[in-house]
Amino acid sequence: MQQSSNDNEMSGPDWFTTFVKRHLRQSIQKSEATIQARVSSFNPTNVSNFFSNLQTILNRINLESADIWNIDETGITTVQTPDRIIACKGFQQIGRITLAEIGSLVTLAISVSASGNSIPAFFIFPRVYFRD
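Residues numbered from 1 in each chain as written. Predicted model: local features only at pLDDT ≥ 70, side-chain atom pairs only at ≥ 80, totals over all residues. Heavy atoms only, no water.

Right, let's talk about the overall build of the chain for a bit. Scanning the chain from terminus to terminus reveals 3 helices and 3 strands. Here the chain, with 132 residues, has 5% of them falling under the buried criterion. Per element, the accessible surface of the chain, about 13,100 Å² overall, is 55% carbon and sulfur. (Helix = DSSP H or I, 4+ residues; strand = E, 2+ residues; numbered from the N terminus. Buried < 20%, exposed > 50% of the residue type's maximum accessible area, 1.4 Å probe, protein only. Areas by Shrake-Rupley, 256 points an atom, 1.4 Å probe, with all protein chains shown as cover.)

Written as structure tokens, this is what we have:
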């Protein structure tokens with residue numbers, strides 16, 4: 001009986017490492033949790049109803065693509081955490097200077113219209129206990 005090439009590639013401790021090396025277009029990513037109700041609601045009927053309702057509203061109030069804007073935001077901390085570094089074995093403390101404050105979360109927002117217009121990205125600072 002002749003052995004196939006797959007018989008020589010038995011599962012072992014290095015299987016996953018070699019799999020990743022063979023499939024360069026694949027990457028390890030963290031999945032996002034999605035609730036069941038959201039998954040089941042995303043179907044052709046609901047999507048068709050959404051766009052039908054959207055078209056009705058756009059026609060009723062005469063909105064154009066330049067009037068529809070999308071904004072996305074992300075939080076940025078004002079205190080950075082140090083990256084990992086390579087150090088000699090045996091050293092117990094490897095220091096890196098960083099700010100000793102707790103810091104705050106600043107929001108970075110970006111906005112684009114349906115027509116492709118955009119405004120420059122902008123920061124939203126917290127109002128309470130604001131520090132220059």
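Moving on to the confidence of the model for the chain. The predicted model of the chain has a mean per-residue pLDDT of 79, with 70% of residues at 70 or higher. Model confidence for the chain, summarised as mean pLDDT per element, is weakest for helix H2 (residues 36–41) at 85 and strongest for helix H3 (residues 44–60) at 93. (pLDDT = per-residue confidence, 0-100.)

Our focus in this paragraph is the sheet that holds strand S2 (residues 105–113). Here 3 strands make up an open sheet; going across it, the order is S1-S2-S3 and the pairing antiparallel. Only two strands of the sheet have a single partner each, and these edge strands are strand S1 (69–77) and strand S3 (118–124). In this sheet, adjacent strand axes meet at a mean angle of 15° when their direction is disregarded. As paired elements, S2 and S3 share 5 bridges and run antiparallel to each other. (Pairing = 2+ DSSP bridges. Axes fitted to C-alpha atoms, helices over the stretch in contact; angles between N-to-C directions.)

Quick look at the side chain of Ser111 now. Examined against the element boundaries, Ser111 turns out to sit in strand S2. Those residues in contact with Ser111 that sit more than four places away from it in its chain are Trp69, Asn70, Ile71, Asn117, Ser118 and Ile119. (Contact = heavy atoms within 4.5 Å.)

A word on the pairing of S2. Summarising the sheet, S1 and S2 pair through 9 bridges and their orientation is antiparallel. Following the sheet pairing, Glu73 is matched in S2 by Ala109. Between S2 and the antiparallel strand that follows it, S3, lie 4 residues; Gly116 among them carries a positive phi value of about 100°.

In this structure, Asn62 is a non-glycine residue whose phi angle is positive, near 55°. Looking at the secondary structure, you find Asn62 in the loop between H3 and S1.

Within the element layout of this structure, Ser113 appears in strand S2. In this structure Ser113 comes out as buried when scored by relative accessible area, which is 5%. Ignoring sequence-local partners within four residues, the contact set of Ser113 consists of Ser65, Ala66, Ile68 and Trp69.

Moving on, we come to a nonpolar patch on the surface. A cluster of nonpolar side chains, Trp15, Phe16, Val20 and Ile28, forms an exposed patch at the surface whose accessible area comes to about 410 Å². With respect to the helices, strands and loops of the structure, Trp15 is situated in helix H1 (residues 15–22). (Patch = residues over 30% accessible without salt bridge, like charges linked within 9 Å, V, L, I, M, F, W, Y side chains within 5 Å. Salt bridge = Lys/Arg side-chain N within 4 Å of Asp/Glu carboxyl O.)

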